[in-house]
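Below are the chains, spelled out letter by letter.
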Amino acid sequence: MKATIINHVRERRATAGMTQEELADACGVSRQSINSIERGKYIPSLPLALELARVFGCATDDLFERAEGT
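Residues numbered from 1 in each chain as written. Predicted model: local features only at pLDDT ≥ 70, side-chain atom pairs only at ≥ 80, totals over all residues. Heavy atoms only, no water.

Account for the confidence of the model for the protein, naming residues and giving values.
Detailed reading of the predicted coordinates is not advisable wherever pLDDT falls low. Summing up the model confidence of the protein, the mean pLDDT is 93 and the portion of residues at 70 or higher is 94%. The lowest-confidence element of the protein is strand β1 (residues 5-7), averaging 92 in pLDDT; the highest-confidence one is helix α2 (residues 20-27), averaging 98. (pLDDT = per-residue confidence, 0-100. Helix = DSSP H or I, 4+ residues; strand = E, 2+ residues; numbered from the N terminus.)

This is how it looks when you write it as structure tokens:
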């Protein structure tokens, strides 16, 4: 069974006033990776999820959650 993950990366990035490119640079990944995460096409690795949380100054649970029923 594949888990469905809801992420709030786009909302956090917009609130922080960052572009995808700026977030990608801060995390050491490509802009395409950030775009794929925001669109729900890619679930980031744990190290990347932790790095995103560090950049935003929040917990990983604030960025990612498991969808109901999965």
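Here the narrative resumes, following the displayed structure.
Talk me through the pattern of salt bridges; I want residue IDs and the actual numbers.
One pass over the structure, following the stated rule, counts four salt bridges. Where D62 meets R12, a salt bridge forms, and the shortest distance between an N and an O atom there is 4.0 Å. Of this pair, D62 sits in helix α5 (residues 60-63) while R12 sits in helix α1 (residues 9-16), and the two are 50 residues apart along the sequence. Exposure remark for R12: the relative accessible area of 29% places this residue in the partly exposed category. One network of salt bridges, with partners in common, ties together R10, R13 and E38. (Salt bridge = Lys/Arg side-chain N within 4 Å of Asp/Glu carboxyl O. Buried < 20%, exposed > 50% of the residue type's maximum accessible area, 1.4 Å probe, protein only.)

Describe the side chain of Q20, listing the residues and the values that go with them.
Take Q20: it is sitting in helix α2. For Q20, a relative accessible area of 13% gives the class buried. Residues in contact with Q20, not counting those within four places in the same chain, are R13, R31, I34, N35 and E38. (Contact = heavy atoms within 4.5 Å.)

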